[in-house]
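Residue-level listing of the chains:
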Amino acid sequence: MAGFENPEDSVRSNRVLRIVWMAFLACPVLYGVVGSFVQVKEGDDKVVLFVALAAVVSFAVAFVVKHLLLNSALERDQQDRLEGRTKFPDRVAGVMIIVWLLTESIGLFGLASRFFGADVKTMAGFIGLAIVGLLMHRPPRRIEEKPFG
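Right, let's walk through the structure included here.

Thresholds applied
- Position numbers for residues count from 1 along each chain, tracking the sequence in the order it is written.
- Selection of residues for local features in this predicted model requires a pLDDT of at least 70, selection of side-chain atom pairs for listing and counting requires 80 or more, and totals for whole chains, interfaces and linings are taken over all residues.
- Derived side-chain values reflect all non-hydrogen atoms in the structure, with water molecules and hydrogen atoms excluded from consideration.
- Each axis is a line fitted through C-alpha atoms, taken for helices only over the stretch in contact, and angles between the N-to-C directions span 0 to 180 degrees.
- Only DSSP runs of H or I with at least four residues qualify as helices, and only runs of E with at least two residues qualify as strands; both kinds are numbered from the N terminus onward.
- An angle counts as roughly parallel when it lies under 35 degrees, as roughly antiparallel when it exceeds 145, as roughly perpendicular when it falls between 65 and 115, and as oblique in every other case.
- Note on residue categories: nonpolar means Ala, Val, Leu, Ile, Met, Phe, Trp, Tyr, Cys or Pro, charged means Asp, Glu, Lys or Arg, and polar means any other residue, Gly included.
- Contacts are residue-level and defined by heavy atoms, with any inter-residue pair within 4.5 Å sufficient.
- In these notes, a set of buried Ala, Val, Leu, Ile, Met, Phe, Trp, Tyr and Cys residues joined through side-chain atoms within 4.5 Å is what counts as a nonpolar core.
- Accessible area is worked out with a 1.4 Å probe on protein chains only. A residue is then buried under 20% of its type maximum, exposed over 50%, and partly exposed in between.
- Two aromatic rings, drawn from Phe, Tyr or Trp (for Trp, its six-membered ring), form a pair once their centres lie within 6.5 Å of each other, and the interplanar angle then sorts them: stacked below 30 degrees, edge-to-face above 60, tilted otherwise.
- By definition, no residue in a patch forms a salt bridge, and every one has over 30% relative accessible area; like charges are joined within 9 Å, nonpolar side chains (Val, Leu, Ile, Met, Phe, Trp, Tyr) within 5 Å.
- Shrake-Rupley sampling with a 1.4 Å probe provides the accessible areas, and residues are treated as covered by the protein chains on show and by no other component.
- For salt bridges, the criterion is a side-chain nitrogen of Lys or Arg within 4 Å of an Asp or Glu carboxyl oxygen.
- Neither His nor the chain ends contribute to the count of charged residues, in which Lys and Arg are positive and Asp and Glu negative.
- Within 3.5 Å is the distance limit for a polar contact, defined as a pair of N or O atoms, with the added protein rule that one can donate a hydrogen and the other accept it, and that residues adjacent in sequence qualify only through two side-chain atoms.

### Considering the packing of helix 2 (residues 45-82) against helix 3 (residues 88-115)
The description of two packed helices rests on the angle between their axes and on the distance between the axes.
Then, in step 1: Where helix 2 meets helix 3, the axes come as close as 9 Å, and the angle between the chain directions of the two elements is 180°. When the axis of helix 2 is compared with that of helix 3, the two are roughly antiparallel.
Then, in step 2: Residues belonging to the contact of helix 2 with helix 3 are distributed by class as follows: 21 nonpolar, 4 polar and 5 charged.

### Considering the side chain of His137
Then, in step 1: Note on placement: His137 falls in the segment after helix 4 (120-136).
Then, in step 2: His137 has contacts with Trp21, Ala62, Phe63, Lys66, Met96, Val99, Trp100 and Thr103, leaving out every residue within four places of it along the chain.

### Examining the nonpolar core
Then, in step 1: With 15 residues, the main nonpolar core has Val92, Val99, Trp100 and Leu134 as its most contacted residues.
Then, in step 2: For this core, the secondary-structure elements that each account for two or more residues are helix 1 (7-36), helix 2 and helix 3.
Then, in step 3: Val99 has contacts with Ala62, Val65, Lys66 and His137, leaving out every residue within four places of it along the chain.

### Side note on the packing of aromatic side chains
Think of a pair of aromatic rings as described by two things: how far the centres are apart, and how the planes are tilted against each other in angle.
Then, in step 1: Within this structure, the stated rule accounts for 2 aromatic pairs.
Then, in step 2: Considering the side-chain rings of Phe24 and Trp100, the 6.0 Å spacing of their centres and the 50° angle between planes classify their relative orientation as tilted. A residue pair is termed long-range when its members are at least 10 positions apart, and Phe24 in helix 1 and Trp100 in helix 3 qualify at 76 residues. Residues Phe24 and Trp100 agree in their burial class; the two are buried.
Then, in step 3: When the centroid spacing of 5.3 Å and the interplanar angle of 65° are considered together, the rings of Phe59 and Phe63 count as edge-to-face. Of this pair, Phe59 and Phe63 are both found in helix 2, 4 residues apart, which corresponds to roughly one turn of the helix.

### With respect to a nonpolar patch on the surface
Then, in step 1: Taken together, the side chains of Phe50, Leu53, Val57 and Val61 present a nonpolar region at the surface, about 380 Å² in accessible area.
Then, in step 2: Tracing the chain through its elements places Val57 in helix 2.
Then, in step 3: Residue classification places Val57 among the partly exposed residues on the basis of a relative accessible area of 44%.

### Here's the deal with the side chain of Arg114
Then, in step 1: Mapped onto the elements of the fold, Arg114 is located in helix 3.
Then, in step 2: For the buried Arg114, no salt bridge is present, and the opposite-charge side chain at shortest range is Asp119, 6.5 Å distant.
Then, in step 3: At a separation of 2.9 Å, a polar atom in the side chain of Arg114 contacts the main-chain carbonyl oxygen of Ala118.
Then, in step 4: Beyond its immediate chain neighbours, meaning those up to four positions away, Arg114 contacts Gly35, Val38, Val40, Asp119, Val120 and Met123.

### Some thoughts on the environment of Leu129
Then, in step 1: Mapped onto the elements of the fold, Leu129 is located in helix 4.
Then, in step 2: Separated by 23 residues in the primary sequence, Leu129 and Ile106 place their C-alpha atoms 7.1 Å from one another.
Then, in step 3: The residues contacting Leu129, other than those within four sequence positions of it, are Phe59 and Ile106.

Below, the structure is given as structure tokens:
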């Protein structure tokens, strides 16, 4: 097992990472609840369109960042193993949290679009995209193994 002296540490680390992921998964749902109670007058469609563009960019960037940073973590791990140490599990956890932040921000864009005058259905689209993205970026079952799960 790379990175953990004690197998219990590996299980604990995986459990903590899953709890953090579930917290990120709950955020878009909460944004939807808050946004559904907002009373909004007519807004500017151009602003909502700009927010939608930012959400799509965030969705795409999350995948690119995940790919690049996990590959970098693997390369660093190979170098570290030659020196007899590894921080691979910590690096994977850091990468996943960054990816989850980027993906969860889509739900926040949905809430912002609601404040800018979008209807509830539009906001729900953002929130749905955020949830789908977070499900696609679920935490790896075991950090020591292939982390691209």
